[in-house]
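# Summary of structural features
This is what each chain is made of:
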Amino acid sequence: MDYNMFLETLIQLDIAVFIFFNHTCQNPIFDVLMPFITVKEHLAPAMFLVVGLLLWKGGRKGRILVGMLIAAIALSDQVTSHLIKPWVSRLRPCFVFEPLSSINALFGSKSSPSFPSAHASNAFAMASLFALTYPRSKAIALGAACLVAFSRVYVGVHYPMDIISGAIIGTLCGIWIKYTFDLVSGWPVEKQGSI
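Source: prediction; values computed, not measured.

### Digging into the packing of aromatic side chains
- Under the definition given, this model contains seven aromatic pairs.
- Between F30 and Y154 the ring centres are 5.5 Å apart and the planes differ by 85 degrees, which places this aromatic pair in the edge-to-face class. With a gap of 124 residues between them, F30 in helix α2 (residues 28-38) and Y154 in helix α7 (residues 138-154) connect regions that are remote in the sequence.
- When the centroid spacing of 6.0 Å and the interplanar angle of 40 degrees are considered together, the rings of F150 and Y154 count as tilted. Here F150 and its partner Y154 are both found in helix α7, four residues apart, which amounts to about one turn of the helix.
- Overall, F150 belongs to the partly exposed group, its relative accessible area being 22%.
- Here the aromatic residues F20, F21, F30, F150 and Y154 are joined through ring pairs into a cluster of three or more.

Now the structure itself:
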């Protein structure tokens, strides 16, 4: 199989999986829940609460984690939104499927490129840092990131490959920020006290 055939097969698989999660899995509960989850502003109060708890009760470890979260989100967002998206320039599903009503497009049109998902990248950057710093939070952090990522496909603004690539980029950004801190400080953040 040559490269072009492989790429075309991958794209067709991506579209088929998109249709399954976006259209076949459509239900009234997700139609309300997923648009709420996918809007960053709706999740902001929960994030402010977590950051507040880390700063107030987390001691040095919590304050370091907040700094690392800011750095990881900034890095992952720059890589996805300003480096890869303009270069790949993949159209979002809302510009590919005609008519738009043929998919479960709960967000209408969004003009920025589709690949990779910055939402997924930022969510997994945060989740990876929480998982590495507070291992007991791993299931909750990764579960929340997966929910955010899934919501992007469900509302019709991303393909699964956008989500997977964003998750990989975000995870790598989170790991890189954490291990860079450990290397520079010489003292792993997870050993600096706990809540």
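### Topic: unusual backbone geometry
- Here the residue pair F115 and P116 is connected by a cis peptide bond, since its omega of -5 degrees sits within 30 degrees of zero.
- Tracing the backbone shows P116 in the loop between α5 (93-96) and α6 (118-133).
- Of note, S89 is a non-glycine position whose phi angle comes to about 55 degrees, a positive value.
- A relative accessible area of 46% means that S89 is categorised as partly exposed.

### Quick look at the nonpolar core
- L54, L65, M68, L69 and F130 are the most contacted members of the largest nonpolar core, which totals 35 residues.
- When residues of this core are traced back to their parent elements, those giving at least two are α1 (3-24), α2, α4 (59-88), α6, α7 and α8 (160-185).
- Tallying contributions element by element places α6 first for this core, with eight residues.
- If sequence neighbours within four positions are ignored, M68 has contacts with L129, T133, I177, K178, F181 and V189.

### Quick word on α7
- With 17 residues, α7 should cover 24 Å at 1.5 Å per step; its first-to-last C-alpha distance of 24 Å lies within 8% of that length.
- Here α7 has its buried residues at A141, A145, V148, A149, S151, R152, V153 and Y154.
- Buried residues along α7 sit in contact with α1, α2, α3 (40-57), α6 and α8.
- Directly beyond the C-terminal end of α7, a positive phi value near 90 degrees is found at G156.

### Brief notes about the pattern of salt bridges
- Tallying each qualifying case throughout the model produces three salt bridges.
- A salt bridge links K178 to D182; its shortest N-O distance comes to 2.5 Å. With a gap of four residues between them, K178 and D182 both fall in helix α8, about one helical turn apart. Each member of the pair, K178 as well as D182, is classed as buried.
- Taken together, the shared-partner salt bridges in this structure form one network comprising D14, R90 and D162.

### Section: the packing of α4 against α8
- Running from N to C, α4 and α8 point in directions that differ by 140 degrees, and their axes come no closer than 9 Å. The angle between the axes of α4 and α8 places the two elements in the oblique class. In this structure, α4 crosses over α8, and the sense of that crossing is right-handed. Between α4, through I64, M68, A71, A72, L75, S76, V79, T80 and I84, and α8, the contact on the second element is made entirely by I169, G170, C173, G174, W176, I177, K178 and F181.
- For the contact of α4 with α8, the residue count by class is twelve nonpolar, four polar and one charged.

Definitions and cut-offs
Residues numbered from 1 in each chain as written. Predicted model: local features only at pLDDT ≥ 70, side-chain atom pairs only at ≥ 80, totals over all residues. Heavy atoms only, no water. Phe/Tyr/Trp six-rings, centres within 6.5 Å; stacked < 30°, edge-to-face > 60°. Helix = DSSP H or I, 4+ residues; strand = E, 2+ residues; numbered from the N terminus. Buried < 20%, exposed > 50% of the residue type's maximum accessible area, 1.4 Å probe, protein only. Core = buried A, V, L, I, M, F, W, Y, C linked by side-chain atoms within 4.5 Å. Contact = heavy atoms within 4.5 Å. Expected span 1.5 Å × (residues − 1). Salt bridge = Lys/Arg side-chain N within 4 Å of Asp/Glu carboxyl O. Axes fitted to C-alpha atoms, helices over the stretch in contact; angles between N-to-C directions. Parallel < 35°, antiparallel > 145°, perpendicular 65-115°, else oblique. Left-handed = near helix turned anticlockwise from the far one by under 90°. Nonpolar A, V, L, I, M, F, W, Y, C, P; charged D, E, K, R; others polar.

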